[in-house]
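Structural description and commentary
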Amino acid sequence: MKAYSVQELDSFFKSLESHYDVCVPVRRRDGTRALGAPADGPLTLAGGPVPNKITSVFFPQMEVVLTASSDRLATPSPLARPVFVVGLTAQDADCLEFIDRFFATGFPDSVYLRRRQDSVVMCVSGRCGADGQSLKIAGGKCDLELICDGDKYLLAAYTDAGNAQLDKIHGGTETPAASLADLEKESNALPNEDFEMIQAASALLLKNKVPDEFWQKVSDRCIACTSCNLACPSCTCFDMFDREGADGEVERWRLWDSCQLDGFMREASGHNPMGKQEVRTRRRIHHRLAADVSKWGHVTCYLCGRCDEVCPSGIGMKSVCREMLQQYGSA
Amino acid sequence: MKTVLTTCPYCGTGCCFYLVVADDGRLAGVEPSREHPVAAGRMCVKGWNAFHFVNHPDRLTQPLIRKNGKLEPASWDEALDLIVSKLGSIQAEHGNDAAAFFASAKMTNEENYLMMKLARAVFKTNNIDHCARLCHSSTVVGLAGTFGSGAMTNSISCVEEADCILVTGSNTTEQHPLIGSRIIRNVIENGAKLIVADNRKIRLAAFADLHIRWKNGTDVAFLNGIMNVIIAEGLEDKEFVATRTENYEELKKVVAGYPPEKAAEICGITAQEIIDTARMFAGAHKAMIIYSMGITQHTHGVDNVKSCANLVMLTGNLGRPGTGVNPLRGQNNVQGACDVGALANVYTGYQSVTDAAARAKFEKAWGVENLPGNVGLTITTAINAAADGKLKALYVAGENPMMSDPDQNHVRKALENLEFLVVQDIFPTPTSEFAHVVLPAASFAEKDGTFTSTERRVQRVRKAIEPVGQSRADWEIFCDLAKRAGYSGMQYGSASEIMEEIASVTPIYGGITFERVDEVGLQWPCRTKDDPGTPILHIGKFSRGLGLFSPAEYKPSAELPDSEYPFVLSTGRCYFHFHTGTMTRRSRTLNREERFPYVEISPEDAKELGIRDREQIHVGTRRGELQCMARVTDVAKKGVLFMPFHFDEAPANLLTINALDPVAKIPEYKVCAARIRRSS
């Protein structure tokens, strides 16, 4: 196995641009670390999860899903270049696996699958988290993985699509197998407190141990900004609307939606079965930790922490679960 | 796909975010800026949707000229030449002050500066104003009079440092969400005390130690009552009062007339509530007032602002982190539009037009002679003058007086009376229906410039996409007009060059350049190129030297309820919409959330009148009557109605009263007498 420097990886990503729409973690002009094209700023692999909804590369905030003119309907053409995305954490990879399943189950979402087709997903893990923390190794949940040994990045390929990239990267130094084994050991030893917490919170909800007063108090703090949903890589809800251009052609768009808004579930009459904020707040948590357990067999929060980072009033998933367990955990 | 860092076009909080541009050159989303000092990676619902209206098919894409009663497409040459010739002929016949210019808090600093320069240097009139007249003109006057500087004294970050926050007349979580959420966090995480003085049960009331549901318009009596208790109980900051202020004896004399029992009777609350408020506020080491339109939009708006200033001076809460008088500006660049002189009485940096030295300075800088020395017409007095037939021409850029000004029938009469109306905007509006010329402007996403936020932070606006259709940036339009009018002193290669000129004539912006504000902006005063800016004003000394106690007597609102019109009607904004709705009502998610005009009514009143939630009802005042949906909610206090002014199908300003503060000329949007009836 070879290890690569950031410079070598940077050259590699830039060399891919003729074939792929490359998205890598970059440092933008105001210091914000985010996914972008290699030209958008210096490559910044270290730092943990990027703040963006990581799945936005396959499910953007707003996109055309259909075009209609007087004589034809057209769906979007295939991407000119498939997506090559770098910077997912192990949790992000788990989440992507879930929304792949979600969009492919039942009525397959061709618009999502179009962007996902032929894409290459590269995780980043090891000794490169925020504040010196280590990141869990994703293993086979992605095509490629960069595992940081504190200096360089060991490159692992797990799929055919991943292996196909290996001969395109130049440089690198051979590393002893023991290096990876050490990193794997370190990864396996990482604390699992958040996972245990979310499972305990899920159990509380499934046992119906959390009363309405709790949701009332949490929802008092909700300013309906919708950030929790719009930053969540697991959230897949969208709204649809049409726009007619000057030439009479109509574009049908989809746009990220939020279950924290009144209009999300409002009936045509104006009545809303989820017309109160406390009901919507409860749903946000309950959906991921209880309803999805029944439907998919597992919790669908992947503990990436993005909703906690973006929530202006401190009621992201982890914060709410902590409060829930503090108040009702012994029940 | 590319991303461009810019500043939000909605409220005055001044959050920066990245616009996402799709490969087809249209906007496709936003991404938070985690490193921005105010946003810190967060956004409100309007921020998340701020891109959506930009590529809406309703955008104005070409100039229009009224021909045979109908607005028809025209070339830029034709439209601009017509404007110059019509303004010229009207001024030649009726005098320079027969024309007026409305600038806009939605335009950049550079654009407001140039519209001001166009009005003053080219068309030789001080009839230039903008919508600060309708929201915080009482703040500008009131705080300039007491402190010497009419702006938020502290920074947004100070909200997290206060021990006690008095929020009055500000629905902060809805109108400045990222400031409101800081209040919530400070209360929950640090145990700060919160006093909400507002008769609506706003979200913040759920966290308040004291929620004072006073009668609308009794602010002065309430604040005087608090100061009466503070002085009576010896809770004032004696050292601050002695060393930093003047006119204290006059304050004592006036507030002595407001013992808590008397003040409580005027306010419709208990004496104990006044006493508790006084003790809580005066007992804190770091206390601040946050206020907004609930304080300013009254016929006694200036008195309200001065009373807020009196209270913080009395308790020594100025010039330190976590303190201050903090008016929250409602629009992205309403602070900046004031700073760069889009006001009837001042040039940039609040330099008075009546000061001969200031006039001479600007005459020299602009290369012109005979700048007018009279204070010009304001938005409100210009509309009155048009209704009276005295004002003949009006140039409105980025404003919508038909929806935003009080008493719509009066505004309609004024606009119909005009010989010539120019409207420059990004969308058609109820105002542009009256226009003789309509000019298509570029949106915030299509131009470069700066906005100044409520905390006096000058920040960059960046061009992300090309202007739609033939639309042009407002500053380019103003430069073209000046050139056609024969003035050569308004030609610039970029917005940055305009800021260089602003800095050269404006001491408080002296150190501002595009380069220096590139990433996180700078807070004025920023006088030199190495000045780091001023997060907190009045440290050690007020801008005017000593703080001037400016006591006021309580004066009732202009129109109080009576047997014929038994309700108080108050107007304002709701969370999902912004002002006259031109942008938010064209944003899918935002318009879905609030689709219909509505009026808030208390459950008690609804029960008494047999009104059900979501039922259509009629709301009427002495100005007119309209139909909208009843929203029965305990947010509303018995006897008080609240109606947002975003909806042109039921415009709240059909109902409001054209009664003005005598000094600031701000309308009394917060109190008028109304009645309601079931529609069916």
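Residues numbered from 1 in each chain as written. Chains lettered and ligands numbered in written order. Predicted model: local features only at pLDDT ≥ 70, side-chain atom pairs only at ≥ 80, totals over all residues.

Focus: the overall build of chain A
The cut-off we apply is this: For the purposes of this entry, the term helix denotes a DSSP run of H or I that reaches at least four residues, the term strand denotes a run of E that reaches at least two, and both are numbered from the N terminus. Here the radius of gyration uses the C-alpha set of atoms, whereas the globule reference equals 2.2 Å times the residue count to the power 0.38.
Scanning chain A from terminus to terminus reveals 11 helices and 12 strands. Scaling as 2.2 N^0.38, a compact globule of 331 residues should have a C-alpha radius of gyration of about 20 Å, and chain A matches this with 21 Å. Projected onto its principal axes, the C-alpha coordinates of chain A cover approximately 65 × 65 × 40 Å.

What about the overall build of chain B?
Basically, it comes down to this: Every C-beta atom is placed from the backbone, and the number of other C-beta atoms within 10 Å of a residue's own sets its class: buried at 20 or more, exposed at 12 or fewer, partly exposed in between. Think of it this way: build a C-beta for each residue from its backbone, and any pair within 7 Å is a contact.
Regarding its fold elements, chain B presents 23 helices and 28 strands. Relative to its length of 680 residues, chain B is compact, with a C-alpha radius of gyration of 24 Å against a globular reference of 26 Å. When its C-alpha atoms are laid out on the principal axes, chain B stretches across 70 × 65 × 55 Å. Across the 680 residues in chain B, those meeting the buried criterion constitute 65%. Nonlocal contacts in chain B, meaning residues at least 24 apart in sequence, comprise 72% of its contacts between residues at least 6 apart.

A closer look at the sheet that holds strand β17 (residues 449-452) of chain B
Residue and element names in this part refer to chain B. Stated precisely, the cut-off is as follows: Two strands qualify as a pair provided that DSSP identifies no fewer than 2 bridges between them.
In spatial order, the strands read β17-β18-β19; together these 3 strands make up an open sheet with antiparallel pairing. Each having just a single partner strand, β17 and β19 (522-523) make up the two edges of the open sheet. In the sheet, β17 pairs with strand β18 (residues 457-461) via 4 bridges, with the strands oriented antiparallel. By the bridge assignment for β18, Phe 451 is matched with Gln 459.

Some points on the nonpolar core
Let me state the cut-off plainly: Take the buried Ala, Val, Leu, Ile, Met, Phe, Trp, Tyr and Cys residues, join any whose C-beta atoms are within 7 Å, and the set you get is a nonpolar core.
Judged by nonpolar contacts, the single largest core of 323 residues is most densely connected at B:Met115, B:Leu394 and B:Leu641. Contact partners of B:Met115, with chain neighbours within four places excluded, come to B:Phe101, B:Ala103, B:Ile128, B:Ala342, B:Ala397 and B:Phe478.

A look at the domain arrangement of chain B
Put simply, the rule is: What fixes the domain bounds is an automatic or database domain assignment.
For chain B, the domain assignment lists domain 1 (2-48), domain 2 (64-70 + 79-128 + 332-523), domain 3 (153-327) and domain 4 (567-678). Relative to domain 3 of chain B, the C-alpha centre of domain 2 of chain B lies at a distance of 35 Å.

Remarks on the interface of chain A and chain B
What counts, and what does not: Each residue gets one of three labels, nonpolar for Ala, Val, Leu, Ile, Met, Phe, Trp, Tyr, Cys and Pro, charged for Asp, Glu, Lys and Arg, and polar for the others, Gly among them.
Across the boundary between the two partners, chain A contributes 37 residues, which contact 35 residues of chain B. Looking at the side of chain A that touches chain B, the elements that each hand over two or more residues are β3 (33-36), β4 (62-69), α8 (227-231), β11 (238-244) and α10 (306-310) of chain A. Here the element with the most residues in the side of chain A that touches chain B is β11(A); it accounts for 4 residues. The residue makeup of the side of chain A that touches chain B, split by class, is 13 nonpolar, 12 polar and 12 charged.

Focus on the environment of B:Ala50
Residue and element names in this part refer to chain B. Secondary-structure assignment places Ala 50 in the loop between α1 (45-48) and β4 (64-67). The class of Ala 50 is buried, set by 30 C-beta atoms lying within 10 Å. Residues Ala 50 and Pro 9 lie 41 residues apart in sequence; the distance between their C-alpha atoms is 7.1 Å. Ala 50 has contacts with Cys 8, Pro 9, Tyr 10 and Val 30, leaving out every residue within four places of it along the chain.

Regarding the pairing of strand β9 (residues 193-197) of chain B
Residue and element names in this part refer to chain B. Most of β9 is tucked away, with 4 of its 5 residues classed as buried. Relative to β9, strand β8 (residues 164-168) is paired through 5 bridges, and the arrangement is parallel. The partner of Thr 168 across the bridge, within β9, is Ala 197. Pairing of β9 with strand β10 (residues 210-212), which is carried by 3 bridges, proceeds in the parallel orientation. The partner of Ile 195 across the bridge, within β10, is Leu 210.

Remarks on the domain arrangement of chain A
All names here are of chain A. Domain boundaries assigned for chain A yield domain 1 (2-189) and domain 2 (194-328). The C-alpha-based centres of domain 1 and domain 2 are spaced at 26 Å. Those elements that place two or more of their residues in the side of domain 1 that touches domain 2 are β4 and α2 (90-104).

Brief notes about the sheet that holds strand β14 (residues 393-397) of chain B
Sheet strands associate in pairs through backbone hydrogen bonding, adopting either a parallel or an antiparallel arrangement. Residue and element names in this part refer to chain B. How we decide: Here an axis means a line fitted to C-alpha atoms, over the contact stretch when the element is a helix, while the angle between two N-to-C directions is reported on a 0 to 180 degree scale.
Spatially, β5-β4-β16-β15-β14-β6-β7 is the arrangement adopted by the 7 strands of the open sheet, whose pairing is mixed. The sheet terminates laterally at β5 (70-73) and β7 (128-129), the two strands that pair on one side only. In this sheet, strand β15 (residues 420-425) lies alongside β14 in parallel orientation, the contact comprising 5 bridges. Paired with Ala 397 across the bridge in β15 is Gln 424. Each of β4, β6 (99-102), β14, β15 and β16 (437-440) touches helix α2 (residues 76-94); the most contacted strand, β16, lies at about 135° to it.

Here's the deal with the packing of helix α17 (residues 379-387) of chain B against helix α19 (residues 408-417) of chain B
Residues and elements named next belong to chain B. To keep things clear, this is the line we draw: Whether a crossing is left-handed or right-handed is set by the direction in which the near helix is turned from the far one by less than a right angle, anticlockwise for left-handed and clockwise for right-handed.
The interhelical angle for the contact between α17 and α19, taken along N-to-C directions, is 65°, at an axis separation of 7 Å. In this structure, α17 crosses over α19, and the sense of that crossing is left-handed. Together, Ile 383, Ala 386 and Ala 387 of α17 and His 410, Val 411, Lys 413, Ala 414, Leu 415 and Asn 417 of α19 make up the contact between the two elements. Taken together, the residues of the contact of α17 with α19 sort by class into 6 nonpolar, 2 polar and 1 charged.

A word on helix α6 (residues 193-206) of chain A
Residue and element names in this part refer to chain A. Stated formally: Under the convention used throughout, the expected extent of a helix is 1.5 Å for every residue step, that is, one less than its residue count. Directions pointing from the helix axis toward each C-beta atom define the arc.
For α6, with 14 residues, the first-to-last C-alpha span of 20 Å sits near the 20 Å given by 1.5 Å per residue. Every buried residue of α6 is accounted for by Ile 198, Ala 201, Ser 202, Leu 204 and Leu 205. The arc enclosing the buried residues of α6, seen along the axis, measures out at 160°, which places them on a common side. Exposed positions of α6 whose direction lies more than 90 degrees from the buried face are Glu 193 and Glu 196. Of the residues flanking the end of α6, it is Asn 208, one or two places downstream, whose phi is positive at about 60°.

Focus on the confidence of the model for chain A
Convention followed: Per-residue confidence from the predictor is reported as pLDDT, a score between 0 and 100.
When pLDDT is averaged across chain A, the result is 94; 100% of the residues are at 70 or more. Per-element confidence in chain A is highest for strand β6 (residues 83-88) of chain A, whose mean pLDDT is 98, and lowest for helix α5 (residues 177-188) of chain A, whose mean pLDDT is 91.

As for the packing of α6(A) against helix α11 (residues 317-328) of chain A
How two helices pack is summed up by the angle between their axes together with the distance between the axes. All names here are of chain A. Heads up, the rule is: Convention used here: angles under 35 degrees read as roughly parallel, angles over 145 as roughly antiparallel, angles from 65 to 115 as roughly perpendicular, and any remaining angle as oblique.
At their nearest, the axes of α6 and α11 sit 9 Å apart, and the two run at 60° to each other. Here α6 is positioned oblique relative to α11, judged by the angle of their axes. In terms of crossing hand, the pair formed by α6 and α11 is left-handed. In this structure, α6 contributes Asp 194, Met 197, Ile 198, Ala 200, Ala 201 and Leu 204 to the contact, and α11 contributes Lys 318, Cys 321, Arg 322, Met 324, Leu 325 and Tyr 328.

Notes on the environment of A:Glu8
Residues and elements named next belong to chain A. Looking at where Glu 8 falls in the secondary structure, it is placed in helix α1 (residues 6-15). In this structure Glu 8 comes out as partly exposed when scored by C-beta crowding, with 18 C-beta atoms within 10 Å. In this structure, the C-alpha to C-alpha distance between Glu 8 and His 170, residues 162 residues apart in sequence, is 6.9 Å. Setting aside its immediate chain neighbours within four residues, Glu 8 contacts His 170, Gly 171 and Gly 172.

Examining the pairing of strand β2 (residues 21-27) of chain A
All names here are of chain A. Across the 7 residues of β2, 5 count as buried, placing the element largely inside the fold. In terms of strand pairing, β2 meets β6 through 3 bridges, oriented parallel. Its bridge partner being in β6, Asp 21 is matched across the sheet by Val 83. Alignment of β2 against β3, held across 4 bridges, turns out to be antiparallel.

Looking at α2(A)
Residues and elements named next belong to chain A. Between its first and last C-alpha, α2 extends 21 Å over 15 residues, near the 21 Å set by a 1.5 Å rise per residue. Contacts made by the buried residues of α2 are with β6, α3 (110-116) and β7 (120-126). Looking at the residues trailing α2, positive phi occurs at Gly 106, about 75°.

Description of unusual backbone geometry
Residue B:Pro525 follows B:Trp524 across a cis peptide bond; omega there is 0°. Tracing the sequence through the fold places B:Pro525 in the loop between β19 and β20 (547-548). Residue A:Leu303 is not a glycine yet carries a positive backbone phi of 60°. Among the structural elements, A:Leu303 can be located in the loop between α9 (277-296) and α10. With 20 C-beta atoms packed within 10 Å, A:Leu303 lands in the buried category. Even without being a glycine, B:Asn68 presents a positive backbone phi close to 50°. Mapped onto the fold, B:Asn68 is located in the loop between β4 and β5.

Describing the environment of B:Lys238
Residues and elements named next belong to chain B. Tracing the chain through its elements places Lys 238 in helix α9 (residues 238-244). With 12 C-beta atoms packed within 10 Å, Lys 238 lands in the exposed category. Between the C-alpha atom of Lys 238 and that of Thr 315, which follows or precedes it by 77 residues, the distance is 8.2 Å.

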